[in-house]
Amino acid sequence: MNLFRAFLVIGWIAVMVVTVHAFQELGPDGGSVFFGDFAHPWRAQFLSDFSLHLVLMAIWMIYREPKLWIGVICAFFSIMAGGAFSLAYIFIVTLRVNGDVRKLLLGKHA
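Below: a short report on this structure.

## A look at the packing of aromatic side chains
Here's step 1: Using the criterion set out here, one finds 5 aromatic pairs in the structure.
Here's step 2: With 6.4 Å between their ring centres and 0° between their planes, F46 and F50 make a pair best called stacked. Of the two residues, F46 and F50 both sit in helix α3 (residues 41–64), 4 residues apart, roughly one turn of that helix.
Here's step 3: Owing to a relative accessible area of 34%, F50 belongs among the partly exposed residues under this scheme.
Here's step 4: One aromatic cluster in this structure is built from W60, F76, F77, F85 and Y89.

Right, here's the structure in full:
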């Protein structure tokens, strides 16, 4: 579990470094770049795949959280912030469940 948590922390730091760089280079108007990239076939494939992963992560958060409204808020931030939110969320959940993978994955259903 410690190796997994280390991966989450390193991944989160990497995402934040890239995010800060993107803001410095392009400003906060990333949406137009994101949607504009759908004109390129391979970028469209990657972004479609990525978007579906974000939605899957959001559905999982709604499923596992004990309170629906908390799950919906987490799902919203997962879609809007991607790994910047999701990696931190998973890291915190691993601490809350004391490394129990069953509780990590199933939440209230464990």
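## Quick look at α3
An α-helix turns once per 3.6 residues; consequently, residues spaced three or four apart project the same way.
Here's step 1: The terminal C-alpha atoms of α3 lie 35 Å apart, and with 24 residues this matches the ideal 34 Å at 1.5 Å per residue to within 8%.
Here's step 2: When α3 is considered as a whole, its buried residues turn out to be A44, L47, L54, A58, W60, M61 and R64.
Here's step 3: In this structure, the buried side of α3 is in contact with α2 (30–36), α4 (68–81), α5 (83–96) and α6 (101–106).

## Concerning the nonpolar core
Here's step 1: Counting residues in each nonpolar core, the largest one holds 10 residues, listed as L8, W60, M61, C74, L87, Y89, I90, V93, V97 and L104.
Here's step 2: Looking at this core, the elements that each hand over two or more residues are α3 and α5.
Here's step 3: Considering each element in turn, this core owes the most residues, 4 residues, to α5.

## Remarks on a nonpolar patch on the surface
Here's step 1: Together, V55, I59, W69, I73, F76, F77, I79 and M80 make up a nonpolar patch on the protein surface, roughly 820 Å² of accessible area in all.
Here's step 2: Breaking the nonpolar patch down by element, the ones donating at least two residues are α3 and α4.
Here's step 3: If one sorts the elements of the nonpolar patch by residue count, α4 sits on top with 6 residues.
Here's step 4: On the basis of relative accessible area, I79 is assigned to the partly exposed category, the value being 38%.

## Examining the packing of helix α1 (residues 2–26) against α5
Here's step 1: Packing of α1 against α5 leaves a shortest axis separation of 9 Å and a crossing angle of 155°. Comparing the axis directions of α1 and α5 gives the class roughly antiparallel. Judged by the twist between their axes, the crossing of α1 over α5 is left-handed. Residues F4, R5, L8, V9, G11, W12, V15 and M16 of α1 form the contact with α5, whose own contacting residues are G83, A84, L87, A88, I90, F91, T94 and L95.
Here's step 2: When grouped by side-chain class, the residues that make up the contact of α1 with α5 number 12 nonpolar, 3 polar and 1 charged.

## What about the side chain of T94?
Here's step 1: Mapped onto the elements of the fold, T94 is located in helix α5.
Here's step 2: The exposure class assigned to T94 is buried, which follows from its relative accessible area of 1%.
Here's step 3: Setting aside residues up to four positions removed in sequence, T94 forms contacts with M1, F4, R5, G99 and L104.

Reading the values: the criteria
Residues numbered from 1 in each chain as written. Predicted model: local features only at pLDDT ≥ 70, side-chain atom pairs only at ≥ 80, totals over all residues. Heavy atoms only, no water. Phe/Tyr/Trp six-rings, centres within 6.5 Å; stacked < 30°, edge-to-face > 60°. Helix = DSSP H or I, 4+ residues; strand = E, 2+ residues; numbered from the N terminus. Buried < 20%, exposed > 50% of the residue type's maximum accessible area, 1.4 Å probe, protein only. Expected span 1.5 Å × (residues − 1). Contact = heavy atoms within 4.5 Å. Core = buried A, V, L, I, M, F, W, Y, C linked by side-chain atoms within 4.5 Å. Patch = residues over 30% accessible without salt bridge, like charges linked within 9 Å, V, L, I, M, F, W, Y side chains within 5 Å. Areas by Shrake-Rupley, 256 points an atom, 1.4 Å probe, with all protein chains shown as cover. Salt bridge = Lys/Arg side-chain N within 4 Å of Asp/Glu carboxyl O. Axes fitted to C-alpha atoms, helices over the stretch in contact; angles between N-to-C directions. Parallel < 35°, antiparallel > 145°, perpendicular 65-115°, else oblique. Left-handed = near helix turned anticlockwise from the far one by under 90°. Nonpolar A, V, L, I, M, F, W, Y, C, P; charged D, E, K, R; others polar.

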